[in-house]
Amino acid sequence: MQQKSKLFLQALKYSIPRLGKCMQKQHLNHCTFADHYYNRIKLKKYHLTKCLQNKPTISELARNIPSRSFSSKDFLPIKQENEKSLSKNMDAFEKVRTRLETQPQEEYEIINAEHGGFVYYQEGCCLVRSKDEEADNDNYEVLFNLEELKLEQPFIDCIRVAPDEKYVAAKIRTEDSEASTCIVVKLSDQPVMEASFPNVSSFEWVKDEEEEDVLFYTFQRNLRCNDVYRATFGDNKRNERFYTEKDPSYFVFLYLTKDSRFLTINIMNKTTSEVWLIDGLSPWDPPVLIQKRIHGVLYYVEHRDDELYILTNVGEPTEFKLMRTAADTPAIMNWDLFFTMKRNTKVVDLDMFKDHCVLFLKHSNLLYVNVIGLADDSVRSLKLPPWACGFIMDTNSDPKNCPFQLCSPIRPPKYYTYKFAEGKLFEETGHEDPITKTSRVLRLEAKSKDGKSVPMTIFHKTDSEDLQKKPLLVHVYGAYGMDLKMNFRPERRVLVDDGWILAYCHVRGGGELGLQWHADGRLTKKLNGLADLEACIKTLHGQGFSQPSLTTLTAFSAGGVLVGALCNSNPELLRAVTLEAPFLDVLNTMMDTTLPLTLEELEEWGNPSSDEKHKNYIKRYCPYQNIKPQHYPSIHITAYENDERVPLKGIVNYAEKLNEAITEHAKNTGEGYQSPNVVLDIQPGGNHVIEDSHKKITAQIKFLYEELGLDSTSVFENLKKYLKF
């Protein structure tokens, strides 16, 4: 039904329902555009920062994690002292907000950025390591050959290196399955695989009092992650389960604080979380509870100098704010407000340094970096380049620098580094992508039926004339509090080069404007997202961007709900639609509790089995339930044979029912009626979304060009160049 860098993001990318695998293997060379992208799919590298490789960042994870619950009687709750009234902290929010909102916005500066350190990565079918400066010269050490696992086209999903580099652990997956294997390799003159564990979700290393490396990992079964294990290797080999979450609506994942002082056990569902601390110096001691779960309260934890920094939505407004407390008094009554965000702000990530805390933010559809000085509580807010639509977080152990990358759907990622000593943001220099001069990015708003302003991001060629006659591809998601994906995709770049307009509609139900934006588009407010999408498309047409006969719409996974609903309610707005692994039968899926994700999804879609109000509301928008004899846009659906997140049965039933309705409408319309095409492309394998599939990309673009009657010769020539067919 839905899907690490530092605190929130990728830890749950395979666990968030109906999101699945949507992260690309990345290798960022400073080279030509085509080679840049080719290397990006070919290779996946990880900078060594003790055990901090590819930490989960605060954002992919933030709102959309499946979860589970448990009994805490065997765990050691920490002593709670200095009780305070939380409401006193809330009174200070407006004062802190005023300080932030009067802070000047500073433009970025363009200077060269540097990167270094060890790299662990995949080269061909091998796990290898090399010095960072030698990583592109084939001068590397082979640690493990993935072919020994006898998997079909395996790739390394993430890597963790033990604190003293005696061991490296890597999670291995394949493109056509969500199943994973975690291997542990002993690093010596002759590296050898020490152990392997199936179905590992998250994993982290710590070192115990005896200087022994301990691997903590979570075990995932049927897309549910309930159990935490710990294992040691060498002469003192053992593997034991020490935690089980008993509530099937909660999900468990592990996060190691950036200073490696604490390993956190995070127990979450869509709206509530609970965190336990494992002492990084005494990992065999019982975990310590920070704060027992409170319905509706989310929180994430970092550590610095015996203080916990807690990103939480507790209090009013119910958006994320940063609080802190002493590590030995972590309960909620001891949390002091430290920093709060502007309204309508999405916290994308948080990174902690010795003297600074860096917040990566999205506000009013633009990206910002806020650098907080921890010694003097100063705040510096940096407005990032207007072309940027997304962050890619870089794992980093250098206390002097904060590196990250910026990207957009039509521009490859570019490195930036904030240097604390200079107090400046540095940009990598070198080849300037020509897209910066040949395309425009616009940020517009549409007014929904209830007057709510809905942000849109639009791309088109600068020299395009008469935009009303240009083809338009609209993107939408609107679920789980997840942002609409705006990472770089070469096929989107090629479409803009060929004259297309791209529009990204940030509708309610997504997370672009913060937690409330999600709340206003879930459960019995799901129709808000549909109204937003309709308003966006009508606004685009009204402002001269394309017309219905040249308008196409695309979505994947849970985004299929809004697309399918719009095809039922306003099919005249569209000419063609492409969907990938779409969620189209909400009612029947949410009434089937035998499916692995149904219980985890109740707070997003509702419980139609026990709540008649939820059932009747879902019936109003569910794409499958509302198919009727009428004219529809042509639809291309890519589905995966063994997809556990969106069962194939629901997609097949939708396609069959849609074809029946189209046939009936054609009979009633009479001769001369041109029926729309419905294409169901079922791919083998058990993955959810395969983003880099050349076959899928080609089929979808071919479908769009044929439906709009456009010449696709040049677009496929360019696509071959970029994707190295």
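In this text, all values refer to a predicted model and were calculated from it rather than measured experimentally.

Draft legend 1. Expanded view of the overall build of the protein. Regarding its fold elements, the protein presents 14 helices and 38 strands. Looking at the 725 residues of the protein, the share that counts as buried comes to 64%. A total accessible area of about 26,700 Å² is found for the protein, and carbon and sulfur atoms account for 46% of it.

Draft legend 2. Just the nonpolar core, in detail. Judged by nonpolar contacts, the single largest core of 89 residues is most densely connected at V474, L533, L553, V586 and W605. Sequence-distant contacts of L533, that is, excluding residues within four places in its chain, are made with V474, V476, C505, V507, L553, L562 and L566.

Draft legend 3. Helix α8 (residues 559–569), seen in detail. The buried fraction of α8 is high, at 10 of 11 residues. Of the positions making up α8, those classed as buried are G559, G560, V561, L562, V563, G564, A565, L566, C567 and N568.

Draft legend 4. Expanded view of the side chain of R230. When you line up the elements, R230 lands in strand β13 (residues 224–232). A polar contact is formed between the side chain of R230 and the backbone oxygen of P283, at a distance of 3.2 Å. Those residues in contact with R230 that sit more than four places away from it in its chain are V214, L215, F216, R238, N239, E240, F242, P283 and W284.

Draft legend 5. Spotlight on the packing of helix α7 (residues 526–542) against α8. At a minimum axis distance of 10 Å, the contact between α7 and α8 shows a crossing angle of 65°. Overall, the two elements α7 and α8 adopt an arrangement that is roughly perpendicular. As for the relative orientation of α7 and α8, their crossing is right-handed in sense. Across the interface between the two elements, K526, G529, L530, L533, E534 and I537 from α7 touch L562, A565, L566 and S569 from α8. Each residue belonging to the contact of α7 with α8 can be placed in one class, and the counts come to 6 nonpolar, 2 polar and 2 charged.

Draft legend 6. Quick look at a negative patch on the surface. There is a patch of like negative charges on the surface, built from E209, E210, E211 and D285. Inspection of the secondary structure puts E209 in the loop between β11 (200–207) and β12 (213–221). Its relative accessible area of 44% is what places E209 among the partly exposed residues.

Draft legend 7. Molecular detail of the pairing of β12. Most of β12 is tucked away, with 8 of its 9 residues classed as buried. Here 6 bridges tie β11 to β12, and the two strands are oriented antiparallel to one another. Paired with F203 across the two strands is Y217, which belongs to β12. Hairpin connection between β11 and β12: a loop of 5 residues separates the two successive antiparallel strands, and E211 in this loop has a positive phi of roughly 65°. Here 7 bridges tie β12 to β13, and the two strands are oriented antiparallel to one another. Paired with F219 across the strands is D227, a residue of β13. Count of turn residues in the β12/β13 antiparallel hairpin: 2 residues, of which N222 carries a positive phi of about 55°.

Draft legend 8. Spatial organisation of the sheet that holds strand β9 (residues 177–186). If you walk across this open sheet you meet the 4 strands as β7-β8-β9-β10, and the pairing is antiparallel. One side of each edge strand has no neighbouring strand; the edge strands of this open sheet are β7 (154–161) and β10 (192–198). Here the strands of the sheet are splayed against their neighbours by 25° on average, with no regard to which way each runs. When strand β8 (residues 167–174) meets β9, the two strands line up antiparallel, connected through 8 bridges. Bridged to T174 within β9 is S177.

Draft legend 9. A look at the pattern of salt bridges. In this structure the tally under the stated criterion is 32 salt bridges. Note that R129 is salt-bridged to E165, the shortest N-O span being 3.7 Å. Residue R129 is located in strand β5 (residues 126–131), and its partner E165 is located in the loop between β7 and β8; the two are separated by 36 residues in the primary sequence. Residue E427 is joined to K414 by a salt bridge in which the shortest nitrogen-to-oxygen separation is 2.5 Å. Of this pair, E427 sits in strand β30 (residues 424–427) while K414 sits in strand β29 (residues 411–419), and the two are 13 residues apart along the sequence. Under the relative-accessibility criterion, E427 is labelled buried at 4%. Connected through shared salt-bridge partners, D164, K166, K207 and D213 make up one network.

Draft legend 10. The environment of T552, seen in detail. In this structure, T552 sits in strand β35 (residues 551–556). In this structure, T552 is in contact with L472, L473, V474, W500, A576, L704 and L708, ignoring residues within four places of it in sequence.

Draft legend 11. Region of interest: the side chain of E512. With respect to the helices, strands and loops of the structure, E512 is situated in the loop between β34 (501–505) and α6 (515–519). Look at E512: it is buried, it has no salt bridge, and the nearest opposite charge is K362 at 5.6 Å. A polar atom in the side chain of E512 sits 2.7 Å from the backbone nitrogen of L484. Excluding residues within four positions of it along the chain, E512 makes contact with K346, K362, M482, D483, L484, H506, V507 and W517.

Draft legend 12. Region of the structure containing the packing of aromatic side chains. Evaluated as defined, the whole model comprises 24 aromatic pairs. Taking 5.6 Å as the distance between ring centres and 45° as the angle between the ring planes, the aromatic pair formed by Y167 and F233 counts as tilted. Here the residue Y167 occupies a position in strand β8, and F233 occupies one in the loop between β13 and β14 (238–244), the gap between them amounting to 66 residues. Like F233, Y167 is buried. Through pairs of rings, three or more aromatic residues link up here, namely Y167, F197, W205, Y217, F219, Y229 and F233. The ring of F353 has K258 sitting right over it, with the charged end atom 3.8 Å from the ring centre. Above the plane of the ring of Y250 lies R293, whose end atom (NZ or CZ) is 4.4 Å from the centre.

Draft legend 13. Expanded view of helix α11 (residues 612–621). Along α11, the residues that are buried comprise H614, Y617, I618 and Y621. Looking down the long axis of α11, one finds its buried residues gathered within 100° of arc, a one-sided arrangement. Regarding α11, its N-cap is D611, as a side-chain oxygen of that residue lies 2.9 Å from the backbone nitrogen of K613 further along.

Draft legend 14. Representation of the sheet that holds β11 within the structure. Spatial strand order, β11-β12-β13-β14: 4 strands in an open sheet with antiparallel pairing. Looking at the sheet topology across the chains shown, the edges are occupied by β11 and β14. When the angles between neighbouring strand axes are averaged without regard to direction, this sheet yields 25°.

Draft legend 15. Looking closely at unusual backbone geometry. Put simply, E316 and P317 share a cis peptide bond, and its omega is -5°. Residue position: P317 is located in the loop between β20 (307–312) and β21 (321–326). Positioned with a positive phi, S364 is a non-glycine residue whose angle comes to about 50°. Summarising the element assignment, S364 is placed in the loop between β24 (356–363) and β25 (366–373). Here A581, not a glycine, exhibits a phi torsion of approximately 45°, which is positive. With respect to the secondary-structure elements, A581 resides in the loop between β36 (576–580) and α9 (586–590).

Calculation notes
Residues numbered from 1 in each chain as written. Predicted model: local features only at pLDDT ≥ 70, side-chain atom pairs only at ≥ 80, totals over all residues. Heavy atoms only, no water. Helix = DSSP H or I, 4+ residues; strand = E, 2+ residues; numbered from the N terminus. Buried < 20%, exposed > 50% of the residue type's maximum accessible area, 1.4 Å probe, protein only. Areas by Shrake-Rupley, 256 points an atom, 1.4 Å probe, with all protein chains shown as cover. Core = buried A, V, L, I, M, F, W, Y, C linked by side-chain atoms within 4.5 Å. Contact = heavy atoms within 4.5 Å. Polar contact = N/O pair within 3.5 Å; in protein donor to acceptor, adjacent residues only side chain to side chain. Axes fitted to C-alpha atoms, helices over the stretch in contact; angles between N-to-C directions. Parallel < 35°, antiparallel > 145°, perpendicular 65-115°, else oblique. Left-handed = near helix turned anticlockwise from the far one by under 90°. Nonpolar A, V, L, I, M, F, W, Y, C, P; charged D, E, K, R; others polar. Patch = residues over 30% accessible without salt bridge, like charges linked within 9 Å, V, L, I, M, F, W, Y side chains within 5 Å. Salt bridge = Lys/Arg side-chain N within 4 Å of Asp/Glu carboxyl O. Lys, Arg positive; Asp, Glu negative; His and termini not counted. Charge placed at Lys NZ, Arg CZ, Asp CG, Glu CD. Pairing = 2+ DSSP bridges. Phe/Tyr/Trp six-rings, centres within 6.5 Å; stacked < 30°, edge-to-face > 60°. Lys NZ or Arg CZ within 6 Å of the ring centre and 35° of its normal. Arc of directions from axis to C-beta.

Keep in mind that these numbers describe shape and distance, not what the molecule does.
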